[in-house]
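# Analysis of the macromolecular model
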Amino acid sequence: MAAFGAWRWEWTARARAGLAGLADAILPPLCLSCGRGIEIHGALCGRCWSEVDFIERPWCAVTGLPFPYEAGEGAVSAVALAHPPPYARARAVMRYSDASARLVHRFKYSDRMEAAPAFARWLMRAGADILADADLVVPVPLHRQRLFSRRFNQSAELSRVIADLAGIAHEPALLMRTRATRPQVGLTGDQRRRNVARAFAVRPGREEQIRQRKVVLVDDVMTTGATVEACSRALLKAGAAEVSVLCLARVVPAGGASI
């Protein structure tokens, strides 16, 4: 019986390897950024990897913006002290740049769904501290009109894979946009905040699901923070104990966070 079990395991492993090889022959692995052929699916070629500016410690304990030099464990930037955001902590994988914009745009507008698992792993690494004690993972929602035109919510795809890998409850429909907003591109910080003010809410009757829970809010790009701040306020208003933010890329001021 043991011999049969070992034979079945070996046969299954060989079958899977054969199917993987067949899939690679039909759909060869391509770089998530430039589309050049690489060895494995869901990765970057060496050149594109070197162009991505990943955010590493030291960073502000609240905003996650990198410090130009080591400031000590738990250090908080001057901006976060002067103007505390509604969220408890924010973490991002990489600085928003030409290289990261290319990655995000291919995922967001070109249906490169195979990027979601790789991005989710990067997000889990960047947000390990906020995922460690999280109760729920929630994506920044799209308005139904924009969802129809885009066909999928990229933030919801990322949050789904993160929740699955981390073993945390996923609530993709908990938060909703109460009104359509104009695109944020080209707006100043103040204009962005006014644009999304009171544009998000927890769905009626769902408050009990987040009451006194620690929520991780997932988005693809964080520019001024206006959108995630508006979402955080809506979640806190509905009774969340704490909201933290996890995003794929974010705009980082020249020089990083000030101390």
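Refer to the preceding data block for the structure.
The shown structure was predicted, so the numbers you read here are calculated from the model rather than taken from an experiment.

## Description of the overall build of the protein
Broken down by element type, the protein carries 10 helices and 7 strands. The burial tally for the protein puts 46% of its 259 residues in the buried class. For the protein, the exposed area adds up to about 13600 Å²; of that, 56% sits on carbon and sulfur atoms.

## Some details on the pattern of salt bridges
Side chains that carry opposite charge are capable of pairing whenever their charged atoms lie near each other. Under the counting rule described, the total for this entry stands at 11 salt bridges. Put simply, glutamate 208 and arginine 211 hold a salt bridge, and the shortest N to O gap is 3.1 Å. Here arginine 211 falls in the partly exposed class, since its relative accessible area comes to 40%. The network of salt bridges with common partners includes Arg89, Asp133, Lys214 and Glu242.

## Section: the pairing of strand S7 (residues 242–250)
With 8 of its 9 residues buried, S7 lies for the most part within the structure. With 8 bridges joining them, strand S6 (residues 214–222) and S7 adopt parallel strand pairing. Bridge assignment links lysine 214 to a residue of S7, and that residue is glutamate 242. Traced from S6 through helix H10 (residues 226–237) to S7, the parallel crossover comes out right-handed.

## Observations concerning the packing of helix H5 (residues 115–126) against helix H8 (residues 154–166)
At a minimum axis separation of 9 Å, H5 and H8 run at an interaxial angle of 60°. Every pair of crossing elements has a handedness; the one defined by H5 and H8 is right-handed. Of the residues in H8, those in contact with Ala116, Pro117, Phe119, Ala120, Arg121, Leu123 and Met124 of H5 are Leu158, Val161, Ile162, Leu165 and Ala166.

## What about the packing of aromatic side chains?
Here the structure, examined in full by the defined rule, presents 5 aromatic pairs. Note on phenylalanine 107 and phenylalanine 119: the rings are 5.5 Å apart at their centroids and 90° apart in plane angle, and the pair reads as edge-to-face. Taken together, the residues phenylalanine 107 in helix H4 (residues 98–109) and phenylalanine 119 in helix H5 connect sequence positions 12 residues apart. Phenylalanine 119 carries the same exposure label as phenylalanine 107, and that label is buried.

## Considerations on H8
The end-to-end C-alpha distance of H8, which contains 13 residues, comes to 18 Å, matching closely the 18 Å that a straight helix rising 1.5 Å per residue would cover. Capping the start of H8, asparagine 153 holds a side-chain oxygen 3.0 Å from the backbone nitrogen of serine 155, two or three residues further along. Just beyond H8, the residue with positive phi is glycine 167, at close to 70°.

## Section: the sheet that holds strand S2 (residues 136–139)
Read from one edge of the open sheet, 5 strands run S1-S7-S6-S2-S3, paired in parallel fashion. The open sheet has two edge strands with one neighbour each: strand S1 (89–95) and strand S3 (169–170). By the bridge criterion, 2 bridges tie S2 to S3 in an arrangement that is parallel. Across the sheet, the residue bridging to leucine 136 is alanine 169, located in S3. In the packing of H8 onto the sheet, contacts are made with S2, S3, S6 and S7, and the angle to S6 comes to roughly 135°.

## Considering the state of the cysteines
Counting across every chain of the model gives 0 disulfides. The thiol of cysteine 34 is unpaired, and the distance to the nearest cysteine sulfur, on cysteine 31, comes to 3.7 Å. Assessed through its relative accessible area of 32%, cysteine 34 is described here as partly exposed.

## What about the pairing of S6?
The element S6 is largely enclosed, with a buried count of 8 among its 9 residues. As defined by bridge partners, S2 adjoins S6 across 4 bridges and the pair is classed as parallel. When the bridges of S6 are listed, proline 139 appears paired with valine 218.

## Looking at the nonpolar core
Ranked by size, the top nonpolar core spans 38 residues in total, and within it Leu44, Val93, Met94, Leu103, Phe119 and Trp122 carry the most contacts. If one sorts the elements of this core by residue count, H5 sits on top with 8 residues. Once residues lying within four places of it in the same chain are set aside, the contact partners of phenylalanine 119 are Leu32, Leu103, Phe107, Leu158 and Leu248. Counting residues in hydrophobic clusters, the runner-up holds 37 residues, among them Phe67, Ala90, Phe200 and Ala240.

About the cut-offs
Positions within a chain are numbered from 1, following the residues in the order the chain's sequence is written. For this predicted model, a pLDDT threshold of at least 70 governs which residues receive local features, and a threshold of 80 or more governs which side-chain atom pairs are given and counted, while totals over whole chains, interfaces and linings are taken from all residues. For side-chain calculations, the full set of non-hydrogen atoms in the structure is used, while hydrogens and water are omitted. Helix numbers and strand numbers start at the N terminus; a helix is a DSSP run of H or I with at least 4 residues, a strand a run of E with at least 2. Accessible area is worked out with a 1.4 Å probe on protein chains only. A residue is then buried under 20% of its type maximum, exposed over 50%, and partly exposed in between. The method behind every accessible area is Shrake-Rupley, applied with a 1.4 Å probe, and residues are considered shielded solely by the protein chains displayed. Think of a salt bridge as a Lys or Arg side-chain nitrogen and an Asp or Glu carboxyl oxygen that are within 4 Å of each other. If DSSP finds at least two bridges between two strands, the strands pair. When the strands point away from the viewer and the connection leading from the first strand across the helix to the second strand turns clockwise, the crossover is called right-handed. Helix axes are fitted only over the stretch in contact, all axes being lines through C-alpha atoms; the angle between N-to-C directions runs from 0 to 180 degrees. Handedness of a crossing follows from how the near helix is turned relative to the far one, being left-handed for an anticlockwise turn of less than a right angle and right-handed for a clockwise one. Residue contacts are defined here by distance: any two heavy atoms, one from each residue, within 4.5 Å place the two residues in contact. The aromatic pairing rule takes the rings of Phe, Tyr and Trp, using the six-membered ring of Trp, and pairs them if the centres are within 6.5 Å, calling planes under 30 degrees apart stacked, those over 60 edge-to-face and the rest tilted. Residue count minus one, scaled by 1.5 Å, sets the expected span of a helix. The term polar contact refers here to a pair of N or O atoms within 3.5 Å; inside protein, the definition further demands a hydrogen-donor-capable atom paired with an acceptor-capable atom, and it admits residues adjacent in sequence only when both atoms are side-chain atoms. What counts as a disulfide here is a pair of cysteine sulfur atoms lying within 2.5 Å. Residues belong to one nonpolar core when they are buried, are Ala, Val, Leu, Ile, Met, Phe, Trp, Tyr or Cys, and are joined through side-chain atoms within 4.5 Å.

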